[in-house]
Structure formats: structure tokens, C-alpha cells
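One-letter residues, chain by chain:
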Amino acid sequence: MLILIPLPAATALRGMGPWGRLSLRISWPEDLAVVGGISAAAGAITTVDPAPGNRLLANCDSVPTGWWYQASTELHALWLGLRARRGTSIKLEAFKAAVPSGYKAPGDTGYIALTYAPGLKGAYPEHDLPDLVAWHVGRAGAAPIDVSVEPEVTGIQQLQGHWPVEELQHTRIMLIGAGSIGSATAHALAAYGVGHLTLVDPDRLGWHNLIRHTSARKHIGRPKVTALAEELAALRPDTTIDAQTLDVIEHADRIRALLADSHLVVCTADGVASRRVTSHLARRAELTAVLACVLQDGGIGEVLRLRPWSGHGCLTCRRQVLTEAGGLDPEPALDAGYGTGTRHRPMTAVGSDLHLVAHLAAKTAVATILERAGHPDQRLPGEHALIGLRRQPDVAPPFNFDHTGEVRWLPATPPRPGCPTCEAP
């Protein structure tokens, strides 16, 4: 069995006294138990459960199951050694001597006990011994039980000192498009530790989305941004989510206002118009835009970084330079139907390929933020990434890939003369 000790229970056990009763919620099929209540000495058991939304094994009743004791530090050193040798135990007399207050005899069936050893770090500074451990106390002796104690620090703060947590916690990114690529991008941005995400998408989750989207079946019919916000709140509570059921084209004026409170914008929306409007709005707001999509019916992944710099053209300028050089102009294909009556082709791609593109888009966005904040180790090799999701040897350069899995980075191209997006109004 594994016994889980959530932080409220651990805090109570460390400060309540020398011994008391113990209440557990137990899932026997999973050999899993959670501490749900404790008492001080023989008093009434009081709940130590976290809020209902964070309660583990919430469908199991909390049942008085055993006892807890303050113990000697030597007992916990024994626990660690016994745990390494499965099936071993210590004699009851030795266990009783290590828990001088409140010891209870096991009776015929035995019981589960937790022990707390204060001062453990001082006694064994060279070992990482847990101060809370679990036992099965029976007539044959006390045998160790696996235990997992919730630490005081969880979430993105666990990476403090190894990852630029503070910079990213103060970062605000707008994500336009919460579809298959967008939902995976949102999850990746939150996992990087971005502190605030504004999700923009007017669409609802449909049956056909389930094969590629990150959201579950229970969210069918709901706005994609609402479902995504709820999922991220549960998985990544360090990220604040603002869900907006807006269309970047129809509600461009409201998007423009929201961009004033953003540090960067990512667009994973379908269709040429949405991408061009995002490019234009970001340029006018002097923000970097990261655009992600798949081309050639899901054969090529693309991530474009559009920076509002004098030598960097907008989306339209980039495409014009590409076309004039004899390359493929992929924009029209993004609006071509694929047989379902909708306007976009990326739905023909495999979900995991879309998520691969999404993760590169998130990395591009985060690397841009961090490089700007003074982290040169986050510098990317270019401004235009292409991923060969399927071998494409017969496509015009630079989209021709001889091997699946190739990643190609291209530089930025300058603005075109007379561009209404790049030139000052």
C-alpha cells in the first residue's frame, strides 16, 4: 500500500502533540490510502482534508483506521533500511520503545500507524530521511509501508533556481485560436510557467475535435476557451487564464485593447484572414507574434516569428518574398476546404503532429521572452521554423523535406515597400 499525506495533514501531524487517532480514505483495489483526519490523543478526530476540489480519493469515506505517534529518529532510520528489504519488520517491543507516548497494542488484525520524528535533519544530516513514515503494526511486528508526503512547495516554484520562474510568472501572452494546435500550445505555455494567458477563440468543442484536441469528451458543446481554462486551472494553477470567446477578425477592436496588456501574441487560428489580422494587430501594438500551423494536408509544420523590427517583414511580406523567389505560397491552401464544409485543411493532420508544432510554437514564444529578458541560452537559430512531418521531396523549396523529422530554420525577410502593416500609418 501507498499512503498519501497531503500538506494540511502533514502540518497538523507535525504540530498536534505526542500521539492520536488516525482516519484514512482507502481504495483497496489500488492499494492507496489518504490521511483524512487525525486527533490529539484520545480526542475527536478532526478533518485535515484540503478543499473539495483538491481532495484525493474523494469518492472514498474517511474511516478511523489506526494511530499516529511521535517517534525517535532511530525508528525512521530503521524504516528506511527495512523498506529496502521487502517483507522485513521490527519486533513490537522495539517499535513500542520508539514511540513512548500513546502506544496501542495491535490486537488480532493489527492497524496502520504513522510516526513523526522531530529533529530528524539534525540527527541524520547526511541522509534525506522523511520525518513522516507509515507502518503496519501487527502481532508479528511493525512493517514499513510506502508513504508520500506533499511538500510545502509544488508547481512551477519547484524549478526555482533552475529555470527563470520569476520572469515567466510575470509574462502575459495572448493565444489566438484554441483548437488542436492552440490547446496544446496553451498547455505547453502553462507548463513553461507563463503567469497569464489570454485565450481567444469563438468556437465550441465538437465531436470531430476530440481526435486532436486536448479537451475531454465531457466538454462537447462548450466554448473551447472555457474548457481549456478549466483544464489548465486544475493542471497548472500557477497560470491565470482569461478566456475570451472573441473572433480576431470580427472583434479586432477588442483584441487590440487586450493586446495592450500582453507581452507577446501567439496565433494558431485557422485561415489566412485570422493570421493576417493577427500579424497586423501585433505589428501595430509593437508586439512579437508567433504563428503556428500545418501545411500540405498536415505534411509540414510551420512556426513563424514576426518581430516588429525594421528589418523584419509581416506575414504578407514574408509570403510575397517567398513567392517571388519561386517558392511555394502556402497561404491559399489554409483556406481550402477538406470535405467537411469548413474552411481549413489542418484537420487532416494527425493530432500528435499538431501537438509537436504546438510545442515548438510555445518554445519559440517563451524563448523570445527569455532572450529579451537577458537569457542568451534561449536564442533561436532563426525566425521561420519548418518541420517535416512527412517526407515532402517534390514540394517547392523551402518546404521540400527528404526526411520526416527534419527541422529547418530560415531567417527573417525585410518588409515590402508600401506594405500597409509594416509601414507607419
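All of the points below concern the structure found in this document.

The rules behind these values
- Residues numbered from 1 in each chain as written.
- Predicted model: local features only at pLDDT ≥ 70, side-chain atom pairs only at ≥ 80, totals over all residues.
- Heavy atoms only, no water.
- Salt bridge = Lys/Arg side-chain N within 4 Å of Asp/Glu carboxyl O.
- Buried < 20%, exposed > 50% of the residue type's maximum accessible area, 1.4 Å probe, protein only.
- Helix = DSSP H or I, 4+ residues; strand = E, 2+ residues; numbered from the N terminus.
- Polar contact = N/O pair within 3.5 Å; in protein donor to acceptor, adjacent residues only side chain to side chain.
- Pairing = 2+ DSSP bridges.
- Phe/Tyr/Trp six-rings, centres within 6.5 Å; stacked < 30°, edge-to-face > 60°.

## Focus on the pattern of salt bridges
Working step 1: On inspection of all chains with the given rule, the structure shows 14 salt bridges.
Working step 2: Between arginine 379 and glutamate 371 there is a salt bridge, with the nearest N and O atoms lying 3.1 Å from each other.
Working step 3: When its relative accessible area of 21% is taken as the criterion, glutamate 371 is described as partly exposed.
Working step 4: With its nearest N and O atoms 3.7 Å apart, the salt bridge here joins glutamate 406 to arginine 408.
Working step 5: Among the residues examined, glutamate 406 registers a relative accessible area of 25% and is labelled partly exposed.
Working step 6: Connected through shared salt-bridge partners, Arg25, Asp49 and Arg55 make up one network.

## Brief notes about the side chain of arginine 307
Working step 1: With respect to the helices and strands, the residue arginine 307 is situated in the loop between strand S14 (300-306) and helix H10 (315-324).
Working step 2: Among the residues examined, arginine 307 registers a relative accessible area of 10% and is labelled buried.
Working step 3: Polar contacts involving the side chain of arginine 307 include one to the side chain of glutamate 383, which spans 2.7 Å.

## Quick word on unusual backbone geometry
Working step 1: Cis geometry is found at the peptide bond from proline 397 to proline 398, where omega equals 5°.
Working step 2: Locating proline 398 in the fold gives a position in the loop between strand S15 (384-388) and strand S16 (407-410).
Working step 3: Unlike most non-glycine residues, alanine 41 shows phi in positive territory, near 55°.
Working step 4: Within the secondary structure layout, alanine 41 lies in the loop between strand S3 (32-38) and strand S4 (46-47).
Working step 5: Judged by its relative accessible area of 30%, alanine 41 falls in the partly exposed class.
Working step 6: Positive phi, normally seen in glycine, also occurs at glutamate 286, with a value near 60°.
Working step 7: Along the chain, the position of glutamate 286 falls in the loop between helix H9 (272-284) and strand S13 (289-295).

## Digging into the pairing of strand S10 (residues 196-200)
Working step 1: In terms of burial, S10 is a largely internal element, 5 of the 5 residues being buried.
Working step 2: Both faces of S10 are covered, namely the face carrying His196, Thr198 and Val200 and the face carrying Leu197 and Leu199.
Working step 3: Note: strand S9 (residues 172-176) against S10, 5 bridges, orientation parallel. Bridge pairing in S10 places isoleucine 173 opposite leucine 197.

## Quick notes on the packing of aromatic side chains
Working step 1: Evaluation of the coordinates by the stated rule reveals 6 aromatic pairs.
Working step 2: Here tyrosine 69 and phenylalanine 95 contribute two aromatic rings whose centre-to-centre distance is 6.2 Å and whose plane-to-plane angle is 75°, an arrangement assigned as edge-to-face. Of this pair, tyrosine 69 sits in strand S5 (residues 62-70) while phenylalanine 95 sits in helix H3 (residues 92-98); the two residues are 26 residues apart in sequence, bridging distant segments of the chain.
Working step 3: Using a relative accessible area of 0% as the deciding quantity, one classes tyrosine 69 as buried.

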